[in-house]
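Take a look at the letters that make up each chain.
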Amino acid sequence: MAELIYGGMISGKINQPLTFIDKLSYYLEDLNITETFSVNGLQKYIHELSQEEKAEVIALMWLGRTASSEQAQDFPNLVKQVVELIPQNYATSYIIEKPLLAKYLRNGLQKLDIWTSAFS
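What comes next is a walk through the structure. (Residues numbered from 1 in each chain as written. Predicted model: local features only at pLDDT ≥ 70, side-chain atom pairs only at ≥ 80, totals over all residues. Heavy atoms only, no water.)

Section: the packing of helix 4 (residues 51-64) against helix 5 (residues 75-85)
Axis separation between helix 4 and helix 5 bottoms out at 8 Å; the angle between their running directions is 120°. Between helix 4 and helix 5 the crossing geometry is right-handed. Residues Ala-55, Glu-56, Ile-58, Ala-59, Leu-60, Trp-62 and Leu-63 of helix 4 touch helix 5, and the partners they reach there are Phe-75, Leu-78, Val-79, Gln-81, Val-82, Val-83 and Leu-85. (Axes fitted to C-alpha atoms, helices over the stretch in contact; angles between N-to-C directions. Helix = DSSP H or I, 4+ residues; strand = E, 2+ residues; numbered from the N terminus. Left-handed = near helix turned anticlockwise from the far one by under 90°. Contact = heavy atoms within 4.5 Å.)

Written out as structure tokens, the structure is:
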């Protein structure tokens, strides 16, 4: 967790902290470059996220649902709802089982004003 907050150490230099959004964007960039998709790779990637990061991913999905009326300012409350409603041992499966995962994440990132044309 400290590494996510303060960044890692490489060659004595402190790196910028990696958030789940950074990790997700790197994963999406890799998919764009290689043009390959693997459910096993996605499952491994999501499984390696912390419980907090998984809750944020699910909250981002909920924020990005088409029928969702939530706005960016609702994101912290959505994270709290995820923690209360989704069992930790089910979070990875819950994320992967969504057929519109990419659309929900993209829409959620757009609502948070994080999505850029680089990901389009």
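Observations concerning the pattern of salt bridges
Within this structure, the stated rule accounts for 2 salt bridges. Salt-bridge contacts for Lys-44 lead to Glu-48; the nearest nitrogen and oxygen are separated by 3.6 Å. Each of the two residues, Lys-44 as well as Glu-48, counts as exposed. For Arg-65, the salt bridge is made with Glu-70, and the minimal N-O distance between the two is 4.0 Å. (Salt bridge = Lys/Arg side-chain N within 4 Å of Asp/Glu carboxyl O. Buried < 20%, exposed > 50% of the residue type's maximum accessible area, 1.4 Å probe, protein only.)

As far as function goes, none of this settles anything; it's purely spatial.
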